[in-house]
Amino acid sequence: MTTPRDSGSTAGVGERLAALDAYAILDTPAETGFDDIVTLAADICDTPTALVSLIDRDRQWFKARTGFAPCETGLSQSVCAHALAQDDVLVITDLAVHPLTRENTLVTGEHHLRFYAGAVLKTPGGVAFGSLCVIDTVPRPGGLTERQRDALRALARQVVALLELRRAIADRDAALATRATAEAVLQRDADRHAGLLALQGAIGAASGNLDAILDAAVTAALRVIPATEGAVIEMRDGAELVYAATAGQLGPFLGFRVPISGSLSGRSLTEGRSLTTGDAEADARVDAATARRLGIRSMVVAPIARLGEFFAVLKVQSGQKDAFAAHDLRSAELLAAAVAAGFGDAAETRSLRELRASEAMLRRAGEAAAIGTFSTDIARRATVASDGFFRLFGLEPMPELPTALWETLLVDEDRADTAGHLHGAPKNDASYTEYRIRRADTGEMRWIARSGDYVRDADGGIVGLIGIAQDVSERRWDETRRTLLLDLDDRFKGLDEPEAVMGLAVEALAAQLDVARVGYAETDASGTRSTLTRLWSRNTEPEGVFAPTRLDDFGPRLIAELRDGRAVMSGDLRDDPRADAVAVATHAALGVVATLAVPVTENGRMLAIMFAHHDAPRRWGAHEVRLMTEVATRTREAVERTRAEVALKRSEARLLLAQEVGGIGTFEVPFDRDELEASTQMFRLYGLPERQRCSTRYFTDLVVEEDRALVFTPERRRDPTTPRVAEYRIRRADDGALRWMRRVSRAVESRGLATRLVGVVQDVTDRKLAEMALSAARDAAESANRAKSNFLANMSHELRTPLSAVIGYSEMIEEELADLGHREVLADVGKVKSNARHLLGLINDVLDLSKVEAGRMDVTAEAVDVAALAAEVASTVETLVRRRGNRLVLDVAADAGAMRTDGVKVRQCLLNLLSNASKFTEGGEVRLGVSRRGAALEFRVSDTGIGMTEDQVGRLFQRFTQADETTTRRFGGTGLGLALTRAFADLLGGTVTVDSAFGAGTTFTLTLPQTLPPRPAAH
């Protein structure tokens, strides 16, 4: 069973009723075509009843029915009304059970309806207005078979096709009826043209005879303007107009005079324009006595000019009220022009030339201004138009434009107001309207302004519309753009979240562009990926649409244009050579066929992209690019502003929290008065009750007397010698506690003059106490360290002498044992000697460091051959390096030359570094490189060993410390070698640096000056 959607909404009711009115089908007699369809539907679906149901405002009316007697029911009884909201056949297997129909009187009453299936009827434009349904009096749990559903859909389409055919036939009949009216109008125009041609012939035959020309003109007026009962040419004569030629009722008044002032003819002459009156008795411009004498009730007056000067008027009159129409005024003007042309061949030639030029200029102006003229026959639903009119709509010129074709170009929202006169709902005033179209050739949306008048029949009924149409797109788009931007600017001001700004922008832009989706995406710092931050869509979007996306998936060439700061327009990506297969597929997955995108850039970097997508081919206009560009720019500015405001608010909140947690107060003091504004925290620091404003003495009086010179008083505030950063003591106002305060301040300038002082105050009592304790502890430690260093330096002889004796006696015992052949104990003696030498080396390192610390290490400058020194060191450590399977490489630059320094200490530094490199490298390479760098020598010791982490490098030169404890356990050592190397480098005026990568090796660089610098005096 198909579950019907709620049909209670009134949305679309107007469209449905308009569709029914357009078909003119309600309450019409039965027709065989529709009756055959319901018979066939009942037979195919095997039901006793089938209906063509049309849903009116408050009823459902059956155009065709079988097996059901009533021709209509109330709308509350309609099951078909529920079918209007369906996209497919609505099937209700048991009406007595379904909640929407179980209380329907057609179900519960005498008709006992139990089963229903209906296919919706829709106009070609998609408006639902009824259904073709089949009904049974017993439930049908199985519903309809798929074949029956297909047949019901097909028959529903046939119902709509019959309705469309019926309307087309009615339109044809109406067009034929209107043609007769148009032919009458054309006959009238033909008679008018014939009269004008006869007048021109008479003027030509007059051979310059003015009287003959004037007589011919008034005679022609009686013929050309059928309502005319009297005609006259009135010539200027001083302050009066004299009747120079008369015809009809005015024949007896030849030579009659009227004043220029106070007459309608005089006013037409002086103002140089045609005038009319439909009721002379009620017109204040007309002298009532003269009008009654001449038999005038209505009249038309057209001025006559020669060489740009008005010298006469042509007047036609009638004794009937409102006897003349607008076309009669035009006829009078043509007659007046003909009279003017008869005042000389030269004037005639000139007037003709000017007329032709004017027509050409008018035609060119119409083309330039995108103007076209038209005349619509409402009954025939056909329009005769100029070429310019067809150009406006992107159509090829044709003898008659079917109104139905013109209506298809209208934007849906504007169709009712614009085309209402074609469907029996004309506006009272047809003079002016503006509407949107989509051009037939390009699909581009344009704004058209129509100015026209209704054509009425003798009974006042509207039978046609004539006028001009003009493309006013640029003006409308400019107005729309300015209005939208102003509205966005106003609405942006009330937003405090960037996401809200972006959401408002895409929704506003979507309302103007009539597209499937509009979005705003921000790019990452590399400009290669984007994240969709806000999207408006009229369709359901696929999952993951807001995930970061690789920009080049949308087409590298298209994205390259955006990165260059150019807008991208593609009316159909499938035919766009810039879109590769991946780009087309990426867009197709989103249902995108046409795209418009503009970048937001800053300093050559793309920050964001605003885009519009459409699901059908679309031609984009320059105005749409401009609108999107300006909206995108304003959106980015508003986003940055709101982000800055959000960041500022968060920063202020953090600052207030930090002030409270960190015990920091702020203050501001103007230079021109003794007035201080302080934060709540500052009052708390001083133990004072809070005030809005107070004197600076409120705070400075609490400063300890000895520190008063450090604080700002009104007298010292401008003194440049007063310290801007100061630490001083106060006694709190509430408990008298002594506290340390730190003040940092600066002067704020305005127009080059310092106007106020701003600053912060922090309670640093705990830090000051800690500093005092730390200073005392440091002094004690330094004193102890100096004592230790002096002790070790003084004890160097006492420590070295016993070990030297142990080593000497070990060597003597070793020689005697070898001579005596006691080789079994030689290894033990060797261990004694080896450990004694190791201990001596350790003592030497400790004593050397102590001497350095005590300032008692001697440095002896001597000439050193750098290459020889490097070779000697390499030779010394070569056995140690090879012992761990390493290869030693010596690389000494040819220009290494000589240096003047302490060679012993340089040798010791290199030995320490090389032995260290060998210790932490196994089966690798140890390299000693020497090069000259200006006035310095650079010794580089590198290895391919275990390397170090950044944390290990940070502890590297600490005394008695290696990289970590595991290193000590695995490789041994005291951790003094590198500390001593750095100490010697400092003594020699050089530096030691290290560069290491964990698992990839280490490089130590010892840089020493070529000449040993003078040492400061020992102390």
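What counts, and at which threshold
Residues numbered from 1 in each chain as written. Predicted model: local features only at pLDDT ≥ 70, side-chain atom pairs only at ≥ 80, totals over all residues. Heavy atoms only, no water. UniProt positions renumbered as here; feature names shortened; annotations may be inferred. Phe/Tyr/Trp six-rings, centres within 6.5 Å; stacked < 30°, edge-to-face > 60°. Buried < 20%, exposed > 50% of the residue type's maximum accessible area, 1.4 Å probe, protein only. Helix = DSSP H or I, 4+ residues; strand = E, 2+ residues; numbered from the N terminus. Pairing = 2+ DSSP bridges. Contact = heavy atoms within 4.5 Å. Axes fitted to C-alpha atoms, helices over the stretch in contact; angles between N-to-C directions. Patch = residues over 30% accessible without salt bridge, like charges linked within 9 Å, V, L, I, M, F, W, Y side chains within 5 Å. Areas by Shrake-Rupley, 256 points an atom, 1.4 Å probe, with all protein chains shown as cover. Salt bridge = Lys/Arg side-chain N within 4 Å of Asp/Glu carboxyl O. Polar contact = N/O pair within 3.5 Å; in protein donor to acceptor, adjacent residues only side chain to side chain. Arc of directions from axis to C-beta. Core = buried A, V, L, I, M, F, W, Y, C linked by side-chain atoms within 4.5 Å. Parallel < 35°, antiparallel > 145°, perpendicular 65-115°, else oblique. Left-handed = near helix turned anticlockwise from the far one by under 90°.

Per an unreviewed UniProt entry, the chain carries the name histidine kinase and comes from Lichenibacterium minor. According to the UniProt record, the Subcellular location (unreviewed entry) comment for the chain reads "Membrane".

Undergrad: Describe the packing of aromatic side chains, and please don't skip the residues or the numbers.
TA: Using the criterion set out here, one finds twelve aromatic pairs in the structure. An angle of 85 degrees between the planes, with centres 5.9 Å apart, marks the rings of F253 and F256 as edge-to-face. F253 gets classed as buried once you look at its relative accessible area, which sits at 18%. Since its relative accessible area comes to 15%, F256 is described here as buried. Between W406 and Y435, the aromatic rings sit 6.0 Å apart at their centres with planes inclined by 85 degrees, giving edge-to-face as the arrangement. One end of the pair, W406, is in helix α12 (residues 403–408); the other, Y435, is in strand β16 (residues 432–438), and 29 residues separate them in sequence. Take W406: its relative accessible area is 8%, and that puts it in the buried class.

Undergrad: Let's hear about the sheet that holds β16: which residues, and what values?
TA: Two modes of strand pairing occur in sheets, parallel and antiparallel, and in both the strands are linked by backbone hydrogen bonds. The six strands are arranged β15-β14-β13-β18-β17-β16 in an open sheet whose pairing can be described as antiparallel. Edge positions in the sheet fall to β15 (401–402) and β16, since each of these pairs with one other strand and no more. As paired strands, strand β17 (residues 445–456) and strand β18 (residues 462–471) are joined by nine bridges and run antiparallel to one another. Within β18, the position partnered with A449 by the bridge is Q470. Its contacts with the sheet put helix α13 (residues 412–419) on β16 and β17, and the angle it makes with β16 is roughly 145 degrees.

Undergrad: Hey, could you go over a nonpolar patch on the surface for me, with residue numbers and the actual values?
TA: Taken together, the side chains of V725, V744 and V760 present a nonpolar region at the surface, about 190 Å² in accessible area. Mapping V744 onto the fold places it in strand β28 (residues 738–750). Judged by its relative accessible area of 33%, V744 is partly exposed.

Undergrad: Residue-level account of the side chain of R732, with values.
TA: Its place among the elements puts R732 in the loop between β27 (725–731) and β28. A polar side-chain atom of R732 sits 2.9 Å from the main-chain carbonyl oxygen of L685. Among all residues touching R732, those that are not within four sequence positions of it are R684, L685, Y686, G687, A737 and R739.

Undergrad: Run through helix α1 (residues 13–23), naming residues and quoting values.
TA: Inspection of α1 places R16, L17, A19, L20 and Y23 among the buried residues, and these make up the whole buried set. The buried residues of α1 occupy an angular sector of 155 degrees when projected down its axis, which confines them to one face. In this structure, α1 carries G14, E15 and D21 as exposed residues pointing more than 90 degrees from its buried face. Directly after α1, the chain includes A24, whose backbone phi takes a positive value near 50 degrees.

Undergrad: Tell me about the pattern of salt bridges, residues and numbers included.
TA: Scanning the model with the defined rule gives 74 salt bridges in all. Close ionic contact of K315 with E234 constitutes a salt bridge, the shortest N to O distance being 3.4 Å. Of this pair, K315 sits in strand β12 (residues 309–318) while E234 sits in strand β7 (residues 230–237), and the two are 81 residues apart along the sequence. There is no split in this pair, since K315 and E234 are both buried. The salt bridge partner of E400 is R380, with a shortest N-O separation of 2.6 Å. Of this pair, E400 sits in the loop between α11 (387–393) and β15 while R380 is found in the loop between β13 (371–377) and β14 (382–385), placing the two residues 20 residues apart along the sequence. Classification of E400 by relative accessible area gives partly exposed; the value is 31%. When salt bridges that share partners are traced, they join D478, R481, R482, D489, R626, E630 and R634 into one network.

Undergrad: Explain the nonpolar core to me, using residue names and the numbers behind them.
TA: The biggest cluster of nonpolar side chains holds 36 residues, and the ones touching the most others in it are F939 and L1006. Those elements giving two or more residues to this core turn out to be α24 (866–883), α25 (903–919), β33 (925–933), β34 (936–943), α28 (977–987) and β36 (1001–1009). Not counting the four nearest positions on each side in its chain, F939 is found in contact with V866, M899, V906, L910, G929, V930, F1004, T1005, L1006 and L1008. Within the second largest apolar cluster, 33 residues are counted, among which are V218, A245, A302 and A336.

Undergrad: Break down the pairing of β28 for me, citing the residues and quoting the values.
TA: Here β27 runs beside β28; their pairing, made up of seven bridges, is antiparallel. When the bridges of β28 are listed, E727 appears paired with R742. Between the end of β27 and the start of β28, which pair antiparallel, lie six residues, with G736 showing a positive phi angle near 70 degrees. Bridging between β28 and strand β29 (residues 753–763) involves ten bridges; their strand directions are antiparallel. Each bridged residue has a counterpart across the sheet, and for V748 the counterpart in β29 is R756.

Undergrad: Break down the packing of helix α14 (residues 473–492) against helix α15 (residues 498–513) for me, with residues and values.
TA: Viewed as axis vectors pointing N to C, α14 and α15 meet at an angle of 160 degrees, and their least axial separation amounts to 11 Å. The orientation of α14 relative to α15 falls into the category roughly antiparallel. Handedness of the crossing formed by α14 with α15: right-handed. Across from T480, L484, L488, R491 and F492 in α14, the residues of α15 making contact are V501, L504, A505, A508 and Q512.

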